[in-house]
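# Structural features, examined
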Amino acid sequence: MGLDFSVIPPFYGTLALGVLWTIAITAASAVLSFFGGILLAVVALYGPLVVRLPFRFVAWLFMGTPLLLQLFLIYFGLAQIGVDLPAFVAGVIGLGFHYAVYNSELIQTAMVAVDKGQMEAARTLGLSRRQALMRVIVPQAVRDVLPPIGNNMIALLKDSALVSVIGVSELTLSAQLAIGRTYRPFEFYAAAAVLYYVINLGMEAVLRGFEKRNRLSR
Amino acid sequence: MTQTHPFVEIRHAQKSYGKLEVLKDISLSVERGQIVAIIGPSGSGKSTLLRAINDLDPLTSGEVWLDGLQVNKSLPHRQYENHINEMRQQIGMVFQHFNLFPHLTVRENVTMAPKLLKKISDKEADALAEEQLDHVGMLERIDYYPSQLSGGQKQRVAIARALAMKPKLMLFDEATSALDPELVEEVNLVMKKLAEEHMTMIIVTHEMDFAASVCDRVIFMDKGLVVEEGPPELVFKNPTQERTQVFLRKHLEGAK
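Everything quoted here is computed from the prediction, not taken from an experiment.

What counts as what
Residues numbered from 1 in each chain as written. Chains lettered and ligands numbered in written order. Predicted model: local features only at pLDDT ≥ 70, side-chain atom pairs only at ≥ 80, totals over all residues. Heavy atoms only, no water. Helix = DSSP H or I, 4+ residues; strand = E, 2+ residues; numbered from the N terminus. Buried < 20%, exposed > 50% of the residue type's maximum accessible area, 1.4 Å probe, protein only. Contact = heavy atoms within 4.5 Å. Areas by Shrake-Rupley, 256 points an atom, 1.4 Å probe, with all protein chains shown as cover. Rg over C-alpha atoms; globule rule 2.2 N^0.38 Å. Lys, Arg positive; Asp, Glu negative; His and termini not counted. Charge placed at Lys NZ, Arg CZ, Asp CG, Glu CD. Pairing = 2+ DSSP bridges. pLDDT = per-residue confidence, 0-100. Buried area = accessible area lost by both parts, 1.4 Å probe. Salt bridge = Lys/Arg side-chain N within 4 Å of Asp/Glu carboxyl O. Polar contact = N/O pair within 3.5 Å; in protein donor to acceptor, adjacent residues only side chain to side chain. Nonpolar A, V, L, I, M, F, W, Y, C, P; charged D, E, K, R; others polar. Axes fitted to C-alpha atoms, helices over the stretch in contact; angles between N-to-C directions. Parallel < 35°, antiparallel > 145°, perpendicular 65-115°, else oblique. Left-handed = near helix turned anticlockwise from the far one by under 90°. Expected span 1.5 Å × (residues − 1). Phe/Tyr/Trp six-rings, centres within 6.5 Å; stacked < 30°, edge-to-face > 60°. Lys NZ or Arg CZ within 6 Å of the ring centre and 35° of its normal. UniProt positions renumbered as here; feature names shortened; annotations may be inferred. Core = buried A, V, L, I, M, F, W, Y, C linked by side-chain atoms within 4.5 Å.

### Topic: the overall build of chain A
Scanning chain A from N- to C-terminus turns up nine helices and zero strands. Counting from the amino terminus, chain A carries its helices and strands in the arrangement α-α-α-α-α-α-α-α-α. When the 218 residues of chain A are sorted by exposure, 46% land in the buried category. A separation threshold of at least 6 residues defines the contact pool for chain A, and within that pool the share at least 24 residues apart is 79%. Total accessible area on chain A is roughly 11,200 Å²; 70% of this is exposed by carbon and sulfur atoms.

What follows is the structure in structure tokens.
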């Protein structure tokens, strides 16, 4: 059987919807992973021990087990004990927290590396420790690790395909639906690959924009 | 209050790091509007003493008072945090390495603390930034980032940032030591201007000429003790203590 890409146009709508869901779940998870990463980093470095230890454990859990398993656990596992999350929400929680843990590791390292004089200057002006962390230390730490956080975001985009297994009709699942109707896996998986690549390019452009804005402030 | 007390008073300040005693029972007072220089060899404890005044380096024992209030009051942790944050708003500090916030513009460096702590509007904050930056001659650089400034300019912005909190007391911790020689003067000029405006200042410095020309009183410290203190003309011209004489002689040779 030869290749015939003319099977694709009738599924433009399906694929477009898949692209939108992929962007939506990636964006929501990226926001969660970013702010969650900051929160985890601050707690890991400055939280009281009773909070730090359970956080440490959860972080270890998210880093040490497969993301696919985490998604199953959040979607199917929690449903069994009565927490019935919509697939999209379960996907965002799984992806978001998974990458929040990775982002937090980056941000922690950068926070420790911020010059000691920054905290001193902020405290000397009368800022509380929390204000100093949020206004002075965290912004600088995040700025310093923006490129690797960007890499995490790109990995997150690619891993968003995993939520197809819990039934979020994002790009990969949309391609599968089209394949189920046409029995044309090569054409549709290739089309999905091209679309992922295009989303990726868009994301890189956005990340570059952020980095550029930060160029002077170091 | 009818009772008179010194504006700034340090009572029996003592500080140890383990077995190392860096401050040994220091007491001194500074009147409102006075400008005091603390000089001495490195390791003499002068920076530690300065940093004890706003509790950046807490004392092991002893008291620090500012305008009738004890800075390092013993309070439960949370209450103490609120207390010290309020006291620090009244004590400006300028560091050797400027410590400007590199992620903020000059304007934001100056306005961040007043906006956050005094809840002033954006408009008031802008006016404040312009006023303070004009005062140190940095108004034209208001929308620059610190990375775009020279060392002297950075330090002038750091002074403006501290002044924007309208402090009662200014502490200078070797404010010109990290500067290239040709940039020292512009910072000294700003400090002289503050002196003329009767800002109370405590200045840790290695610059004897500056201390002699601006300060009302010079304190010579060595090995955690105040060895000698008095008006600059006495301490610099006719030091009574041998350690002061040795230090000044060495310093003079170093300057040549």
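After presenting the structure, the write-up continues.
### What to know about the overall build of chain B
Counting its secondary structure elements, chain B contains nine helices and ten strands. Whereas a compact globule of 256 residues would reach a radius of gyration of roughly 18 Å, chain B reaches 18 Å, a difference of no more than 12%. In chain B, which comprises 256 residues, the share counted as buried stands at 55%. Considering only residue pairs separated by 6 or more positions, chain B has 65% of its internal contacts joining residues 24 or more positions apart. Across chain B, 30 positive and 36 negative side-chain charges occur, with their mean positions spaced 4 Å apart.

### Focus: the pairing of strand β9 (residues 217-222) of chain B
Each regular strand displays side chains that alternate between the two surfaces of the sheet. Residues and elements named next belong to chain B. Most of β9 sits out of view: six of its six residues are buried. Burial of the side chains of β9 extends over both faces: Arg217, Ile219 and Met221 are buried on one face and Val218, Phe220 and Asp222 on the other. Note: strand β3 (residues 35-39) against β9, four bridges, orientation parallel. Bridge pairing in β9 places Ile39 opposite Phe220. Across five bridges, the pairing between β9 and strand β10 (residues 225-230) is antiparallel.

### What about the confidence of the model for chain A?
Mean pLDDT over chain A: 93, with 98% of residues reaching 70 or higher. When pLDDT is averaged over each element of chain A, helix α5 (residues 116-124) of chain A comes out on top at 97 and helix α2 (residues 49-64) of chain A at the bottom at 89.

### Brief notes about the interface of chain B and chain A
Each partner contributes to the interface: chain B provides 26 residues, whereas chain A provides 21 residues. Summed over both partners, the interface of chain B with chain A comes to about 2,100 Å²; 60% of that surface belongs to carbon and sulfur atoms. Counting the surface chain B buries against chain A, the share from its top three residues, Pro102(B), His103(B) and Leu116(B), is 26%. Scanning the region where chain B abuts chain A turns up two salt bridges. In this structure, Arg51(B) and Glu120(A) form a salt bridge, with 2.7 Å as the shortest nitrogen-oxygen distance. At the junction of chain B and chain A, the tally comes to seven residue pairs in polar contact (both at pLDDT 80 or more). At the level of elements, α2 (77-89), β6 (91-94), α3 (106-118) and α5 (151-163) of chain B are the ones that each hand at least two residues to the side of chain B that touches chain A. Tallying contributions element by element places α2(B) first for the side of chain B that touches chain A, with five residues. Taken together, the residues of the side of chain B that touches chain A sort by class into 15 nonpolar, seven polar and four charged.

### As for the packing of α3(B) against α5(B)
Residues and elements named next belong to chain B. Where α3 meets α5, the axes come as close as 8 Å, and the angle between the chain directions of the two elements is 25°. Taken together, the axes of α3 and α5 lie roughly parallel to each other. When you trace α3 past α5, the crossing you get is right-handed. Residues Val106, Asn109 and Val110 of α3 form the contact with α5, whose own contacting residues are Val157, Ala160 and Arg161. A breakdown of the residues in the contact of α3 with α5 according to their chemical character gives four nonpolar, one polar and one charged.

### Brief notes about α5(B)
For α5(B), with 13 residues, the first-to-last C-alpha span of 18 Å sits near the 18 Å given by 1.5 Å per residue. Here α5(B) lies mainly inside the structure; twelve of its 13 residues are buried. Of the positions making up α5(B), those classed as buried are Gly151(B), Gly152(B), Gln153(B), Gln155(B), Arg156(B), Val157(B), Ala158(B), Ile159(B), Ala160(B), Arg161(B), Ala162(B) and Leu163(B). In this structure, the buried side of α5(B) is in contact with α5 of chain A together with β6, α3, α4 (122-135), β7 (169-173) and α6 (181-196) of chain B.

### A closer look at the sheet that holds strand β1 (residues 8-17) of chain B
Residues and elements named next belong to chain B. Taking strand neighbours across the sheet as the criterion, the four strands line up as β2-β1-β4-β5 in an open arrangement whose pairing is antiparallel. Here the strands that pair on one side only, and so sit at the sheet edges, are β2 (20-30) and β5 (69-70). The pairing of β1 with strand β4 (residues 61-66) spans five bridges and is antiparallel. Note that in β4 the partner of Arg11 across the bridge is Glu63.

### Some points on the packing of aromatic side chains
Counted by the stated rule, this structure contains nine aromatic pairs over all chains. When the centroid spacing of 4.9 Å and the interplanar angle of 70° are considered together, the rings of Tyr75(A) and Phe76(A) count as edge-to-face. Judged by its relative accessible area of 44%, Phe76(A) falls in the partly exposed class. Each member of the aromatic cluster is reached from another via a ring pair, and the members are Phe72(A), Tyr75(A) and Phe76(A). Sitting over the face of the ring of Phe101(B), Arg161(B) holds its NZ or CZ atom 4.5 Å from the ring centroid.

### Section: the UniProt feature "domain: ABC transporter" (unreviewed entry) in chain B
As annotated by UniProt and renumbered to match this structure, "domain: ABC transporter" (unreviewed entry) occupies residues 8-248 of chain B. Counting secondary structure, residues 8-248 of chain B comes out at 40% helix and 25% strand; the distance between its end C-alpha atoms is 27 Å.

### Some remarks on the nonpolar core
Nonpolar side chains in soluble globular proteins generally cluster together in the buried interior. Of all hydrophobic cores here, the largest spans 79 residues; its most connected members are Ile107(A), Met111(A), Phe188(A), Leu49(B) and Ile202(B). Per-element tally for this core: the top contributor is helix α6 (residues 129-144) of chain A, with seven residues. Setting aside residues up to four positions removed in sequence, Met111(A) forms contacts with Ala41(A), Val42(A), Leu45(A), Tyr46(A), Leu133(A), Ile137(A), Val138(A) and Ala141(A). With 48 residues, the next largest nonpolar core counts Ile35(B), Val94(B), Ala175(B) and Val227(B) among its residues.

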